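Fold and contact review
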Amino acid sequence: MQAGFPFSRFADRLATQGALSSDSLDLLAKMPSSISHYSSRHHLMQRGELPTHCHLLLQGYLCWQDPDGRDGRIISIHVPGDVPDLYTVHDLQVDYDLVTVGPAVVASVPHRFFRELAELSPTLWRSLLRLILIDAATSRNWILNVSSRDALERVAHLICELATRLRAVGLARDLRVPSPFTQSELAAACSISAVHANRTIQELRRSSLLQWHSKTITITNWYGLVRLAGFNPAYLRLPAIDEVEAAEPPTARSTEAAVAADSLR
């Protein structure tokens, strides 16, 4: 793939579902699109719209937000390489608002391109269908996260998920996760109050599981964070990878941190 290929994260995302041929990469390179830069909290789509395009995230984060929900409830977060509204190729019903979380770069891709892939590249088409199914599986896990885990586990689980998904497209390899999230947005994603979100972050810091400075979350003990969250990435349907290859191996210090995490449960 040539340097500067604008859809490289999307290609990486598709490659998690199967190897891409040179013909498939050529199709992606020729994908018609209009690329735009957006500020934080920009509404790309709103409930009730009838879209003709999908939104491919190139940089930043997007989320689906319930416009009627208390405190702007966030029901999913998407990372570079995702097409959060891919399902609208088949179903034009838009039930929630698609909103930027922090500044974002987004490519608008016409539905007709994705429909044509069914004939042009059945392999790519099947990978796209799998992405829709993975979104559904992820949504089910989000329901589980807010309904059966406490606040500390919810936030830890969200951070584990974001790190895993970013690493699958070549980002956050050093376990540093870009974070434009405000406390209110974190609270909205985990169904807790902003005050509770702040206290939870402080507890995770004190347990030496992570550092949260400015716009970056640095996971300092992946093992302990996974253990606290009860995180199992199987629902993401990503290939078997070593999510901790960039993390420090278990040491006396990391073992102590894991014990500290257990004490917070």
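A quick note: this is a predicted structure, and the numbers were derived from the prediction, not measured.

Our next topic: unusual backbone geometry. In this structure, Ala 172 takes a positive phi of about 55° despite not being glycine. Considering the arrangement of structural elements, one finds Ala 172 in the loop between α5 (151-168) and β6 (176-178). The phi dihedral of Arg 237 falls on the positive side, at around 55°, and the residue is not glycine. Checked against the element boundaries, Arg 237 lands in the loop between α8 (222-229) and α9 (252-263).

A separate point is the packing of α5 against helix α7 (residues 194-206). It is the contact of α5 with α7, at a shortest axis distance of 9 Å, that shows an interaxial angle of 70°. Our classification of the angle between α5 and α7 gives roughly perpendicular. The segment α5 lies against α7, with Ala 151, Leu 152, Val 155 and Ile 159 engaging His 196, Thr 200, Glu 203 and Leu 204.

What the rule picks out here adds up to seven salt bridges. Across the pair Arg 13 and Asp 82 runs a salt bridge, and its minimum N-O distance is 3.5 Å. Of the two residues, Arg 13 is situated in helix α1 (residues 8-15) and Asp 82 in the loop between β4 (74-78) and β5 (97-110); the sequence distance between them amounts to 69 residues. The class of Arg 13 is buried, set by a relative accessible area of 10%. Across the pair Asp 66 and Arg 47 runs a salt bridge, and its minimum N-O distance is 3.3 Å. Pair noted here: Asp 66 is in the loop between β3 (53-65) and β4 and Arg 47 is in the loop between β2 (43-45) and β3, with a separation of 19 residues, a long-range link. Here the residues in one salt-bridge network are Arg 13, Asp 82, Glu 161 and Arg 165, joined through shared partners.

What counts as what
- Residues numbered from 1 in each chain as written.
- Predicted model: local features only at pLDDT ≥ 70, side-chain atom pairs only at ≥ 80, totals over all residues.
- Heavy atoms only, no water.
- Helix = DSSP H or I, 4+ residues; strand = E, 2+ residues; numbered from the N terminus.
- Axes fitted to C-alpha atoms, helices over the stretch in contact; angles between N-to-C directions.
- Parallel < 35°, antiparallel > 145°, perpendicular 65-115°, else oblique.
- Contact = heavy atoms within 4.5 Å.
- Salt bridge = Lys/Arg side-chain N within 4 Å of Asp/Glu carboxyl O.
- Buried < 20%, exposed > 50% of the residue type's maximum accessible area, 1.4 Å probe, protein only.

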